[in-house]
4 protein chains.
Amino acid sequence: MAPKRVDKDARRQEILDAAVRVFSRKGFAASRIDDVAAEAGIGKGSVYLYYDSRESLLEAALAQYAAGADALLRQAVEGDAPPLERLITLVHSTIALLSTQRDLARTLLDLWATDHMRPAYRAYREAVTTVLTQARPDLGLAHTTVLIGAIEGVLLQWLIDPDVPLADMAGPIVDVCVEGLRERA
Amino acid sequence: MAPKRVDKDARRQEILDAAVRVFSRKGFAASRIDDVAAEAGIGKGSVYLYYDSRESLLEAALAQYAAGADALLRQAVEGDAPPLERLITLVHSTIALLSTQRDLARTLLDLWATDHMRPAYRAYREAVTTVLTQARPDLGLAHTTVLIGAIEGVLLQWLIDPDVPLADMAGPIVDVCVEGLRERA
Amino acid sequence: MAPKRVDKDARRQEILDAAVRVFSRKGFAASRIDDVAAEAGIGKGSVYLYYDSRESLLEAALAQYAAGADALLRQAVEGDAPPLERLITLVHSTIALLSTQRDLARTLLDLWATDHMRPAYRAYREAVTTVLTQARPDLGLAHTTVLIGAIEGVLLQWLIDPDVPLADMAGPIVDVCVEGLRERA
Amino acid sequence: MAPKRVDKDARRQEILDAAVRVFSRKGFAASRIDDVAAEAGIGKGSVYLYYDSRESLLEAALAQYAAGADALLRQAVEGDAPPLERLITLVHSTIALLSTQRDLARTLLDLWATDHMRPAYRAYREAVTTVLTQARPDLGLAHTTVLIGAIEGVLLQWLIDPDVPLADMAGPIVDVCVEGLRERA
DNA sequence: TATGAATGAGATTTCATTCAT
DNA sequence: AATGAATGAAATCTCATTCAT
C-alpha cells in the first residue's frame with residue numbers, strides 16, 4: 001500500500017512539473033492539456049486521474065510556490081536575528097528560491113495580475129513591511145514599497161532576459177535599498 | 001457625407017479604449033470580442049469594421065503605449081539637461097504616464113512575459129542604461145537593473161493594489177535609488 | 001418620366017454586368033455584395049435599390065442568358081430551313097452566343113450542378129432532340145446525348161483554358177457529330 | 001490498444017465518403033461541417049480529428065479521385081495494345097470509373113471552374129491527346145477537343161439527369177467520335 | 001490504472017441585409 | 001436616390017472534459 005502511495009504522489013508531482021514547464025514556455029492561457037500530457041509523457045486522459053481540471057493544475061503550482069515562500073516569510077518575521085539581518089536574509093533567500101525555479105517564476109508572473117496571486121502577494125508584502133518596520137520604525141510604507149518593488153522588478157527583468165544575473169542581484173538590491181538606508185541612520 | 005455617429009478615427013479609439021478596459025479587468029487571454037463590443041456599446045461584428053482580429057486590438061493597445069513611452073525615452077536620452085536630471089525626469093514621467101492609464105498598464109503587465117513586450121521593454125532598459133551611464137559612468141549594469149526594477153516593481157504593486165500611491169512613488173524611488181547614489185559620489 | 005426609366009434600367013444592367021464579371025472571376029459562392037458594388041463603382045447599399053438580394057442577382061443573370069438562348073432554340077425548332085441545317089445553325093449560334101459572353105458562361109457553369117440550371121438545361125436538350133429527330137428519325141437518344149455533350153464539353157474546356165478556340169470549334173463538332181452522320185446516311 | 005470503434009483509416013474514409021455525399025447533394029460551397037458530421041453520424045468536433053479543415057476534406061476528395069484517374073491514364077498512355085484500342089479502353093474505363101461514383105463526380109463538377117481542378121484536368125487532356133495522336137497522327141487538336149468534350153459533356157448530362165444512361169454511353173461516343181474517324185481513314 | 005477518440009459548448013470571424021443620414 | 005456603418009445570424013474551428021475499452 002505504501003509504495004503504491006509513493007508512486008501516485010511521484011506521478012502527481014511529475015505531472016505538475018511538466019505543467020509548470022509548459023506554462024512557463026507558453027503562458028497558462030495558451031497551455032493545453034495535450035501539451036502537459038505530452039510533456040509528462042503520458043496520455044491526455046491520465047492527467048485527469050491526478051488533477052480535476054486544468055485550473056487545478058494551476059492552483060497546485062501556486063500552492064507549491066506558496067509553501068516554499070511561506071517558510072521564508074515565517075523565518076523572516078519570527079526569527080531571532082536582528083530585524084535588519086532577517087530582512088537581508090529574506091531578500092537573499094527569496095531571490096535564491098525563485099532563481100532555481102525559473103519556470104515556476106514565469107508562471108507566477110503570468111498570473112500576477114489575476115486574483116489567483118492576491119493572497120500570496122499580500123502575505124509577502126505584509127511580512128516585508130513587518131520586518132522593515134521592526135528594523136526601522138521611522139521609515140514609512142513608501143520605503144517598503146520601493147524595496148519590494150526592487151526585488152520584484154529585478155525578478156521581472158530576469159524572467160524576460162535570462163542573461164540578467166538574478167542570483168547575483170540580491171547584493172546590489174541590499175546595497176541600494178537596505179544598506180543605503182542603514183548608512184543614513 | 002456626414003458620418004452616421006462619430007468619425008471613424010474617434011470610433012476606432014472608442015473601441016480600443018473599451019478593449020483596454022476589458023483586457024484590464026479580465027486579462028487579454030480571458031477577454032472575448034463580445035465583451036469588448038458590449039463595453040463599447042456596439043454589435044460584435046462592428047468591432048471587425050475597425051480591427052482585423054482580436055489580436056490586432058492587442059497590438060493597437062501596445063502601439064498606443066509605445067508611442068507615448070517613446071517620446072519620454074527620447075527626451076531622456078537626447079535632452080539638454082544634465083543626465084541626472086533627465087533620469088529623474090524620466091522616472092517621474094514614466095510613472096505619470098502609467099498612473100493615468102491604469103487599464104493600459106494592467107494590459108501591459110498581462111503581456112509582460114510574452115514576446116509582444118520584448119521590443120518596448122528592451123528600448124526602455126537601453127534608454128535608462130544610457131542615461132544612467134552618462135550620469136554616473138562609474139556605476140555598472142547592476143545599478144541600472146535595480147533602478148529599473150524599483151520602477152517596475154512599484155508599478156506592479158499598484159496594479160495589484162490600487163491603494164498603492166503610484167503617483168507619489170517617484171519621489172521615494174529617486175530618493176533611494178538615484179539621490180542616494182548622488183550623495184555617495 | 002421616360003428618361004428616368006431609362007436611367008434606372010441602364011443602372012440595373014450595369015450592376016448585373018458587374019455582378020456577372022465578379023461571379024465569373026470568383027464563382028458565385030465566393031462573390032460578395034461588396035465585390036459587386038465595387039465592380040459597379042457604387043455603394044453597397046445601392047445594389048439593394050435594384051436587386052432584392054444576392055440571390056436575385058444570380059437569377060437575373062440566368063434569366064438574361066435564358067432569354068438569348070430561348071431565341072436560338074425557337075429558331076431551331078420552328079424555322080423553315082431543312083432540319084439538318086437548322087441543327088447546324090443551332091450549334092454554331094449557341095457557341096457564338098457563349099463565346100462572346102465568357103463571364104456569363106463561367107457563371108452558368110458554376111451553377112450547372114444546381115437546381116437553378118435545371119429548366120434552361122431541359123429546354124436546350126429538348127430542342128436539340130426535337131430537331132435531330134426531325135432530321136434523322138432513325139437516330140436515337142444516344143446520338144443526341146453525344147452531340148449535346150460535345151457542345152457542352154467543348155465549352156467546358158474553353159472555360160477552363162481560354163486558349164481553346166471556342167469560336168472555331170463549331171465546325172469540328174459539326175464535322176464529327178453531325179456531318180459524319182450525314183455521310184453515313 | 002484496440003481501437004474504440006473502427007481503426008483510424010477506416011474512420012477517415014467514412015468521413016470522407018460522408019463529405020462527398022454531402023458535397024454532391026448541396027455543392028461544396030453550401031456544405032457545412034455540421035452536415036458532414038451528421039451524415040457521418042459523429043460529432044462536429046470529431047471531423048477535425050481526421051481533417052484539418054473543411055478545405056482539406058475537399059482536397060482529400062480530389063486526391064482520391066486523382067489516384068483512380070491516374071491509373072487509367074497511365075494504362076492508356078503506356079499500354080501495349082494498339083493506340084486506338086487503348087483510346088477506346090480509356091473512354092470506357094473513365095466512364096466506368098465515374099458512373100460508379102456519382103457523388104464524387106458531382107463534387108468534381110462543382111469544382112470544375114475552380115483552380116482546384118486545373119492539374120487533374122490538364123493531365124487528362126494531355127493523356128487523351130497523346131493517345132489520339134499515336135492512333136491518328138493526321139488528326140489535330142480540334143478532334144481531341146471534340147472527343148474530350150463528348151465524354152465530359154455526356155457526364156455533365158448524367159450528373160444533372162440521372163436517367164441519362166451513362167454506363168451505356170461509352171459505345172455511342174466511341175462510335176461517333178472514334179470509330180467514325182477510323183472508317184474515314 | 002491508462003488511454004485517446006469522441007464530444008459539444010463556446011470562441012472567432014464573415015457578410016447579407018438594414019437603415020439613419 | 002445613394003451611402004456605408006452597423007448588425008447579428010451563422011459558419012469554422014478549438015479544446016477541456018468524458019468514458020468505453
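Along each chain, numbering runs from 1 in the same order as the chain's sequence is written. All chains are assigned letters beginning with A, and all ligands numbers beginning with 1, in the order in which they are written. Only residues with pLDDT of at least 70 are given local features in this predicted model, and only at 80 or more are side-chain atom pairs given and counted; all residues enter the totals for whole chains, interfaces and linings. Only hydrogens and water are set aside when side-chain values are computed; all heavy atoms of the structure are taken into account.

As recorded in an unreviewed UniProt entry, chain A goes by the name TetR/AcrR family transcriptional regulator, listed as coming from Nonomuraea typhae.

Attention shifts here to the relation of the copies chain B and chain A. If you rotate chain B by 179° and push it 0.0 Å along the axis, it lands on chain A with an RMSD of 0.2 Å. In short, the pair behaves as if placed about a two-fold rotation axis. Interface residue correspondence from chain B to chain A reaches 100%, placing this contact among same-surface, isologous pairings. The copies were overlaid by least squares, fitting only the C-alpha atoms of residues that reach a pLDDT of 70 or more in each copy. We call two residues contacting when some pair of their heavy atoms lies within 4.5 Å.

Here we take up the domain arrangement of chain A. Often the size quoted for an interface is simply the accessible area lost on bringing the parts together. All names here are of chain A. Domain start and stop points were drawn from an automatic or database domain assignment. Segmentation of chain A into domains returns domain 1 (1–51) and domain 2 (59–184). A straight line from the C-alpha centre of domain 1 to that of domain 2 covers 29 Å. Across the contact, 10 residues belong to domain 1 and 8 residues belong to domain 2. In total, about 750 Å² of surface goes out of reach between domain 1 and domain 2, with carbon and sulfur atoms giving 59% of it. Three residues, Leu-16, Val-20 and Ser-24, lead the burial of domain 1 against domain 2; their summed loss comes to 56% of the area buried on that side. Any pair of N or O atoms that falls within 3.5 Å is considered a polar contact. Within protein, one atom must be able to donate a hydrogen and the other to accept it, and sequence-neighbouring residues count only if both atoms are side-chain atoms. Remark: the boundary between domain 1 and domain 2 carries 4 residue pairs in polar contact (both at pLDDT 80 or more). As a working definition, buried area equals the accessible area (1.4 Å probe) given up by two parts on being put together, with both sides summed.

Listed by partner, the interface residues are 32 residues for chain B and 32 residues for chain A. Both faces considered, chain B and chain A share a buried interface measuring about 3000 Å² in area, 67% of it formed by carbon and sulfur atoms. Looking only at chain B, the three residues that lose the most surface to chain A are Gln157(B), Ile160(B) and Val176(B), adding up to 22% of its buried area. Think of a salt bridge as a Lys or Arg side-chain nitrogen and an Asp or Glu carboxyl oxygen that are within 4 Å of each other. Where chain B touches chain A, the interface holds 2 salt bridges. There are 6 residue pairs in polar contact (both at pLDDT 80 or more) connecting chain B and chain A. Helix and strand definitions here come from DSSP, where helices need a minimum of 4 consecutive H or I residues and strands a minimum of 2 consecutive E residues; each element is numbered from the N-terminal end. Secondary structure elements with two or more residues in the side of chain B that touches chain A: α6 (102–110), α7 (118–135), α8 (141–160) and α9 (170–184) of chain B. Ranked by the residues each element gives to the side of chain B that touches chain A, the list is headed by α8(B), at 13 residues.

A single heavy atom is enough: if one lies within 4 Å of a molecule or strand, its residue is considered near that molecule or strand. Around DNA strand E, the structure places 34 residues, and the nearest of them are Ser46(A), Arg32(C), Gly43(D), Ser46(D) and Tyr50(D). Considering the 4 Å shell around the protein, atoms of DNA strand E inside it are sugar or phosphate in 62% of instances. Note on residue classes: Ala, Val, Leu, Ile, Met, Phe, Trp, Tyr, Cys and Pro are nonpolar, Asp, Glu, Lys and Arg are charged, and everything else, Gly too, is polar. Taken together, the residues of the surface near DNA strand E sort by class into 10 nonpolar, 10 polar and 14 charged.

Residues and elements named next belong to chain C. It is the contact of helix α4 (residues 54–78) with helix α7 (residues 118–135), at a shortest axis distance of 9 Å, that shows an interaxial angle of 20°. One finds that α4 runs roughly parallel with respect to α7. Of the two possible hands of crossing, α4 and α7 adopt the one that is left-handed. From α4, Leu-73, Ala-76 and Val-77 reach across to α7, where they touch Ala-123, Tyr-124, Ala-127, Thr-130, Val-131 and Gln-134. Residues belonging to the contact of α4 with α7 are distributed by class as follows: 7 nonpolar, 2 polar and no charged. Angles run from 0 to 180 degrees between N-to-C directions of axes, and those axes are lines fitted to C-alpha atoms, restricted for helices to the stretch in contact. Angles are sorted into four bins: roughly parallel if under 35 degrees, roughly antiparallel if over 145, roughly perpendicular if 65 to 115, and oblique for all others. Should the near helix be turned anticlockwise from the far one by less than a right angle, the crossing is left-handed, and should it be turned clockwise, the crossing is right-handed.

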